[in-house]
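Listed below, chain by chain, are the residues.
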Amino acid sequence: MIDFDEKSVTDAFFDQIKGTPNKRLLQIMRAAIRHLHSFAREVDLTRDEWKAGINFLTAVGQQSSEDRQEFVLLSDTSGLSTLMNLLEDRRGDKGTNASILGPFYREDPPILELGDTVAKLKPGPEAVMYGTIKDVRGKPIPHALLDAWLADEKGLYDVQEHGPGVDDLRGRYRADENGRYWFRTTIPSGYSIPMDGPVGDLVRNTARDGMRPAHIHFRLMHQGFQDLVTAVYFKDQYIETDAAFGVLRKLVVEILPPSKDSPIPSLPRIPYDFTMIPSSAVRHPGPLGSAAA
Ligand code: BEZ
Ligand code: FE
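Here the structure is a predicted model, which is why all the values come from computation and not from measurement. (Residues numbered from 1 in each chain as written. Chains lettered and ligands numbered in written order. Predicted model: local features only at pLDDT ≥ 70, side-chain atom pairs only at ≥ 80, totals over all residues. Heavy atoms only, no water.)

Colleague: In this structure, what is going on with helix α5 (residues 80-89)? I would like to understand it.
Modeller: Think of an α-helix as turning once every 3.6 residues; residues three or four places apart then point the same way. By the burial criterion, the buried members of α5 are S81, T82, N85, L87 and D89. Buried-residue contacts for α5 involve α4 (70-77). (Buried < 20%, exposed > 50% of the residue type's maximum accessible area, 1.4 Å probe, protein only. Helix = DSSP H or I, 4+ residues; strand = E, 2+ residues; numbered from the N terminus. Contact = heavy atoms within 4.5 Å.)

Colleague: Explain the pattern of salt bridges here, please?
Modeller: The final tally for this structure, using the stated rule, is 17 salt bridges. Across the pair R212 and D242 runs a salt bridge, and its minimum N-O distance is 2.7 Å. One end of the pair, R212, is in strand β6 (residues 211-212); the other, D242, is in the loop between β8 (228-234) and β9 (252-253), with 30 residues separating them in the sequence. D242 shares its class with R212; the two are buried. As a salt-bridge pair, D261 and K260 come within 3.7 Å of each other at their nearest N and O atoms. (Salt bridge = Lys/Arg side-chain N within 4 Å of Asp/Glu carboxyl O.)

Colleague: In this structure, what is going on with the sheet that holds strand β3 (residues 170-174)? I would like to understand it.
Modeller: Sheets are built from strands paired through backbone hydrogen bonds, the pairs being either parallel or antiparallel. Within the open sheet, the 5 strands sit side by side as β3-β2-β7-β8-β9. Their pairing is mixed. Taken across any chain shown, the strands that pair with only one partner, and hence form the sheet edges, are β3 and β9. In this sheet, β9 lies alongside β8 in parallel orientation, the contact comprising 2 bridges. When the bridges of β9 are listed, F234 appears paired with V253. (Pairing = 2+ DSSP bridges.)

Colleague: Which parts of the structure should I look at to understand the site of ligand 1?
Modeller: Taken together, 13 residues are adjacent to ligand 1, and P103, Y191, R212, H215 and H217 come closest. R212 is positioned such that a nitrogen or oxygen atom in its side chain is 2.6 Å from an oxygen atom of ligand 1. For ligand 1, an oxygen atom lies 3.0 Å from a polar atom in the side chain of H217. Surface burial for ligand 1 is 99%, taken as the share of its 260 Å² of free accessible area covered by protein chains. Among the secondary structure elements, those contributing two or more residues to the shell around ligand 1 are α4 and β7 (215-221). Residues belonging to the shell around ligand 1 are distributed by class as follows: 8 nonpolar, 3 polar and 2 charged. (Near = heavy atom within 4 Å. Polar contact = N/O pair within 3.5 Å; in protein donor to acceptor, adjacent residues only side chain to side chain. Areas by Shrake-Rupley, 256 points an atom, 1.4 Å probe, with all protein chains shown as cover. Nonpolar A, V, L, I, M, F, W, Y, C, P; charged D, E, K, R; others polar.)

Colleague: Looking at this structure, how should I read the environment of D3?
Modeller: If you trace the backbone, D3 turns up in the segment before α1 (8-16). For the pair D3 and M29, spaced 26 residues apart in sequence, the C-alpha separation works out to 22 Å.

Colleague: Would you mind going over the packing of aromatic side chains with me for this structure?
Modeller: The description of an aromatic ring pair rests on the distance of the ring centres and on the angle between the ring planes. Evaluation of the coordinates by the stated rule reveals 10 aromatic pairs. Plain terms: the ring middles of Y173 and F183 are 5.1 Å apart, the flat faces sit at 20 degrees to each other, and that makes the pair stacked. Highlighted residues: Y173 in strand β3 and F183 in strand β4 (residues 180-186), separated in sequence by 10 residues. You'll find Y173 and F183 in the same group, each marked buried. Geometrically, the ring pair formed by Y181 and F274 is tilted, given 5.6 Å between the ring centres and 50 degrees between the ring planes. (Phe/Tyr/Trp six-rings, centres within 6.5 Å; stacked < 30°, edge-to-face > 60°.)

Colleague: How should I be thinking about the coordination of the iron ion (ligand 2) in this particular structure?
Modeller: Protein ligation of the iron ion (ligand 2) involves Y157 (OH), Y191 (OH), H215 (NE2) and H217 (NE2), the donor distances falling in the range 1.9 to 2.1 Å. Geometry at the iron ion (ligand 2) is irregular, judged from its 6 donor atoms and the angles of 56 to 166 degrees they form at the metal. All donors of the iron ion (ligand 2) belong to a single chain; written as a sequence motif, their spacing is Y-x33-Y-x23-H-x1-H. Given the relative accessible area of 2%, H217 is considered buried. (Donors = N, O, S within 2.8 Å, 3.2 Å for Na, K, Ca; no water. Tetrahedral: all angles 85-135°; square planar, octahedral: opposite > 155°, others 65-115°.)

Next comes the structure, spelled out in structure tokens:
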């Protein structure tokens, strides 16, 4: 008999979907709706407030296009992208933590030689970043690929500074036979996430500035290993308040004075080793891996 109250409407939903053949979908839907309903009960959500929520989600969809994914920005600025990364990182074998991809990655970066600069168009104060790409036992991974991309000293990516079709501050390197990589780079600046859409409005309305600390993004690839999307972060004024929650302690680097032991001894240096995990590593069986809720 259809006679819902504030609580039984949740059970009625569970009852309707109980025949879902895909048990993982059933688990996700049960948990999602259980939390959504209890959120509405907890805050005593009004119909006008939910209408505002629907308008917000509609605007997020309408702001999204080929060049801009406002839902990803929402995920990043809610901490959900980082939560996904932390859940993915929770494997038997520990590798370098993942960090958010951001919207400025390109699948086809310029192919560069070890030691080349990523800053082709606007050389500024430089540093050399270098290290070894290893497996979880500490063994170097020869010839692993490493894509690097970063913003300039004004906090702008190439597409923002020059429009589409111009490559700068991005490149793909192949580590040497000992898994070593090194490249010249300018020192990036912190920057604002796109604040001109509904997510920007929400960030402002929740008393945040939308700033990310200076960082360099990386994607590492090698056969037999899981793709690693990560970033290293510099200690600037935004390091504790990253609007996209990408910073983890182990990803924070320092710019050290030049050293004769670095691959480019004349430059300030950023040493950093990456650890990739094998593609065979299985996800740690956490709460979401157990039986349906
Ligand atoms: C980025 O790191 O490139 C980024 C991440 C989230 C939102 C905007 C930009
Ligand atoms: Fe970025």
